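Chain by chain, the residues run as shown.
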Amino acid sequence: MSRLEAKKPSLCKSEPLTSERVRTTLSALKGIVASCYGPSGRLKQLHNGLGGSVCTTSQSSTLLANLSVSHPILKILTTSVQNHVSCFSDCGLFAAILCCNLIENVQRLGLTPATAIKLNKHLLSLCTSYLKSEICGCRIPVDFSSTQILLCLVRSVLTSKPACMLTRKEVDHISTLILRAFLLTIPENAGDHIILGNSIIVPLKGQRVVDSTVLPGILIEMPEVRLMKILPVKKSDSLKVALFRVSLSGDLSDTGEGSVVVNFGVSLENAVLDQLLNLGRQLVSDHVNLVLCQKVIHPSLKQFLGEHRVLAIDRVGAALMEPLSKVTGTHPIGSLGSVSPSSYGSVKDLCTEKFGFKWFFHLIPNEATVCSLLLCNRNGTAWDELKLTCQTALHVLQLTIKEPCVLLGGGCTETHLAAYIRHKTFNDPESILKDCGCTPTELQLIAEAFCSALESLTGSLEHDGGEILTDMKYGHFWSVQADSPSVGNWPDLLTRCGCGLYNSREELSWSFLKTARHPFAPLPCLPHEAVGSANNLTLDCFTAKLSGLQVAVETANLILDLSYVIEDKN
């Protein structure tokens, strides 16, 4: 008889943020994510102590998914950021670092959580209203008649992920391919509501990055033994296609639930094979040229179809079923019975292509918004990181179609926003005080904590001991090397601001980011000639950044508002 253990009481901890252990753990998480931030961010190797694969990354999606977090407060933070990344793909590190900064800064002030939360919400509202306004000095509208801004946006995503290990030439090549792949997913005759197609990333590891390419249609890897197979004879302007999602292997495990009744003397295998061959005869009589199957096709059925010059391709996998249906116009067939002619589709042509050491079937569509991005990199680790980065870039472009504008990157939006908030709260505090019901001192303390959190975030872009400055005209981010004199002729020491829009030869004055300075109004409304003349801007996705800002502030407010943590120890 087993011994029953008495149920342990739940552990209740009040004011969790006052715990030194919690603060230390939060600081450690901030150190991990901040050290990954930006183009020169440090890589992290993630592995299990018991063995297994090793992952090298600086991306928040991979990093947070592989971090084992036990404390409830950290779980709230990491889960919020992961939810943001699952929706927007980008700005995960931005949200995590800003959230940690806000919590640390507010904790030092000693104000009541209610006051801090109320003011944080108001300052967030000021930020979002300004970023969405026409006078915003760090927002650029996207002109879709030119690829300049879109290329800069894609290039910024790629250069922010150092684990991809790309040279400048490779970054330019992959950026062009990503933009081309994205444009191929846009229908030619788009109406008011655009339904985008798919970009399928096809792996080719161990090859040069510059060997990557984009092809309209779908690439299906083929075994080398199939090279001698005869391609279907093209009898019209297109090839008729049948797409099966059910297995054509004759395996009885695919017959569904229930029992199978077999008469005495009947061979079940022969009966199933007869049914498959009857299906093959119907496909031949319907003049099908190409049979695609998600799973396995029986060798006898393959042979029968081949004898009638019908090409059979199996094991295409579940991931390709939706793109194949879109490219061919087929309705995936889910049974071995009679096939309706309306289930068939077509492709313009089918050919074989060789890339590196692999052969592929290339399905060329009639008019479809599906393309294949054949992605190459030197090794598996770099390829995995590059694939994730390309998916992020493609998603960022999709978001930009919905919200056709971008934000200045390289830390310039954050320092500009901090300058705007400081000036707004210093020169027009009455409206905020009336809405929030707080004292002027509380407003200035929280405003400084908020702006300092934004500026500390930009400081995470510098990993080599350099100094961070901001100019007193535009409020942009500037970085100077660590071995430069502490005070000198700044135009000679500086080159361009973080986003690349302005150079140091303009009539500017600078100040160290963490020094006290009088609030100033950063220049609003970007001049069109300045944007048009800049070819290498560092940009951020507007939608992703705005969501990251909201997630950071709202998650920080949630954590600051926690009074108790109750843990069940059973």
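Rules and cut-offs
Residues numbered from 1 in each chain as written. Predicted model: local features only at pLDDT ≥ 70, side-chain atom pairs only at ≥ 80, totals over all residues. Heavy atoms only, no water. Pairing = 2+ DSSP bridges. Helix = DSSP H or I, 4+ residues; strand = E, 2+ residues; numbered from the N terminus. Axes fitted to C-alpha atoms, helices over the stretch in contact; angles between N-to-C directions. Contact = heavy atoms within 4.5 Å. Parallel < 35°, antiparallel > 145°, perpendicular 65-115°, else oblique. Left-handed = near helix turned anticlockwise from the far one by under 90°. Nonpolar A, V, L, I, M, F, W, Y, C, P; charged D, E, K, R; others polar. Core = buried A, V, L, I, M, F, W, Y, C linked by side-chain atoms within 4.5 Å. Buried < 20%, exposed > 50% of the residue type's maximum accessible area, 1.4 Å probe, protein only. Patch = residues over 30% accessible without salt bridge, like charges linked within 9 Å, V, L, I, M, F, W, Y side chains within 5 Å. Areas by Shrake-Rupley, 256 points an atom, 1.4 Å probe, with all protein chains shown as cover. Salt bridge = Lys/Arg side-chain N within 4 Å of Asp/Glu carboxyl O. Lys, Arg positive; Asp, Glu negative; His and termini not counted. Charge placed at Lys NZ, Arg CZ, Asp CG, Glu CD. Expected span 1.5 Å × (residues − 1). Phe/Tyr/Trp six-rings, centres within 6.5 Å; stacked < 30°, edge-to-face > 60°. Lys NZ or Arg CZ within 6 Å of the ring centre and 35° of its normal.

Per an unreviewed UniProt entry, the protein chain carries the name McKusick-Kaufman syndrome and comes from Pipistrellus nathusii.

Student: So what exactly am I meant to see when it comes to the sheet that holds strand β12 (residues 349–355) here?
Tutor: An order of β7-β13-β12 is seen for the three strands of this open sheet, with the pairing classed as antiparallel. Each of the sheet's edge strands pairs with one partner strand only, and the pair in question is β7 (218–222) and β12. Averaged over all adjacent pairs, the angle separating strand axes in this sheet is 30°, with direction ignored. Summarising the sheet, β12 and strand β13 (residues 358–364) pair through seven bridges and their orientation is antiparallel. Directly across from E353, in β13, lies its bridge partner F360. With respect to the sheet, helix α10 (residues 321–328) is in contact with β7 and β13, its orientation differing from that of β7 by roughly 125°.

Student: Looking at this structure, I do not really get the packing of helix α5 (residues 113–132) against helix α17 (residues 542–560). What am I missing?
Tutor: Axis separation between α5 and α17 bottoms out at 9 Å; the angle between their running directions is 175°. Of the possible angle classes, the one that applies to α5 and α17 is roughly antiparallel. Contacts from P113, I117, N120, K121, L124, C127, T128, L131 and K132 of α5 reach α17 at F542, L546, L549, Q550, V553, E554, N557 and L560.

Student: Mind showing me how you'd approach the sheet that holds strand β4 (residues 139–141) here?
Tutor: Remark on secondary structure: sheet strands pair via backbone hydrogen bonds, oriented parallel or antiparallel. Here three strands make up an open sheet; going across it, the order is β4-β15-β19 and the pairing antiparallel. Bordering the open sheet on either side are β4 and β19 (539–541), each of which pairs with just one other strand. When the angles between neighbouring strand axes are averaged without regard to direction, this sheet yields 40°. Here β4 pairs with strand β15 (residues 405–408) via three bridges, running antiparallel. Bridge pairing in β15 places P141 opposite C405. Helix α6 (residues 148–159) rests against β4, β15 and β19 of the sheet, and its axis sits at about 85° to β19.

Student: Please explain the packing of helix α1 (residues 20–34) against helix α3 (residues 72–88) as it appears in this structure.
Tutor: The geometry of a pair of packed helices is captured by two quantities: the angle between their axes and the separation between those axes. With their axes 10 Å apart at the nearest point, α1 and α3 run at an angle of 30° to one another. By the angle between their axes, α1 is roughly parallel relative to α3. Considering the relative orientation of α1 and α3, their crossing is right-handed. Side by side, α1 and α3 meet where V22, T25, L26 and L29 of the first sit next to I73, L74, L77 and T78 of the second. Residue composition of the contact of α1 with α3, grouped by class: six nonpolar, two polar and no charged.

Student: Explain the side chain of T128 to me, please; I cannot follow it from the model alone.
Tutor: With respect to the element layout, T128 can be found in helix α5. Among all residues touching T128, those that are not within four sequence positions of it are L546 and Q550.

Student: Please clarify how the side chain of T389 should be interpreted in this entry.
Tutor: Positionally, T389 belongs in helix α11 (residues 380–402). In contact with T389, not counting residues within four places along its chain, are Q59, V157, L158, K161 and C164.

Student: Mind showing me how you'd approach the nonpolar core here?
Tutor: Within soluble globular proteins, side chains that are nonpolar tend to cluster in buried spots. Within the largest apolar cluster, 121 residues are counted, with the highest numbers of intra-cluster contacts made by L77, L98, L131, I174, I178, L539 and L549. Top element by residues in this core is helix α4 (residues 92–109). It accounts for eleven residues. Beyond its immediate chain neighbours, meaning those up to four positions away, L98 contacts A453, L454, L457, L549 and A552. Judged by nonpolar contacts, the second largest core, of 29 residues, contains V241, L292, F355 and F361.

Student: Sorry, what's going on with a positive patch on the surface here?
Tutor: A cluster of basic residues, K8, K13, R21 and K569, forms a positive patch at the surface. Residue position: K13 is located in strand β1 (residues 11–14). Judged by its relative accessible area of 34%, K13 falls in the partly exposed class.

Student: I would appreciate a short explanation of the pattern of salt bridges in the present structure.
Tutor: Where side chains of opposite charge bring their charged atoms close, a pairing between them can arise. Within the structure shown, the criterion is met by 14 salt bridges. Among the salt bridges present, the one from E104 reaches K30, with a minimum N-O distance of 3.1 Å. Here E104, found in helix α4, pairs with K30, found in helix α1; they are 74 residues apart in sequence, far enough to count as distant. Note that K545 and D540 form a salt bridge whose closest N and O atoms lie 2.8 Å from each other. Residue K545 is classed as buried on the basis of its relative accessible area of 6%. Taking relative accessible area as the criterion, D540 reaches 15% and is therefore assigned buried. Where salt bridges share partners, they join K30, E104 and R108 into one cluster.

Student: Can you walk me through the environment of H518 in this structure?
Tutor: Tracing the backbone shows H518 in the loop between β18 (510–512) and α16 (528–533). For H518, a relative accessible area of 57% puts it in the exposed group. A C-alpha to C-alpha distance of 9.5 Å links H518 and F426, two positions 92 residues apart in sequence. Non-local contacts of H518, meaning those with residues more than four positions away in its chain, are made with F426 and M472.

Student: How should α4 be read in this particular structure?
Tutor: Each full turn of the α-helix corresponds to 3.6 residues, which orients residues three or four apart in the same direction. Across its 18 residues, α4 extends 27 Å between first and last C-alpha, which sits within 8% of the 26 Å expected from 1.5 Å per residue. Of all 18 residues in α4, 15 are buried, a share of seventy percent or more. One or two steps after α4, the chain reaches G110, where phi turns positive at roughly 80°.

Student: Just checking my understanding: could you explain the packing of aromatic side chains for this structure?
Tutor: In this description, a pair of aromatic rings is defined by centroid distance and the angle of the planes. Here the structure, examined in full by the defined rule, presents four aromatic pairs. Ring geometry for Y130 against Y420: centres 4.0 Å apart, planes inclined by 15°, an arrangement best described as stacked. With Y130 in helix α5 and Y420 in helix α12 (residues 412–427), the pair connects residues that are 290 residues apart, well separated along the chain. The same class applies to Y130 as to Y420, namely buried. One cation-aromatic arrangement involves R139 over F542; the distance from NZ or CZ to the ring centre is 6.0 Å. The aromatic ring of F94 is capped on one face by K545, whose charged end is 4.6 Å from the ring centroid.

Student: Would you mind going over the pairing of β15 with me for this structure?
Tutor: Here β15 pairs with β19 via three bridges, running antiparallel. Within β19, the residue paired with V406 across the bridge is C541.

Student: Help me understand the environment of G337 in this model?
Tutor: Checked against the element boundaries, G337 lands in the loop between α10 and β11 (345–347). Residue classification places G337 among the partly exposed positions, given a relative accessible area of 32%. For the pair formed by G337 and T369, sequence separation is 32 residues and the distance between their alpha carbons is 31 Å.

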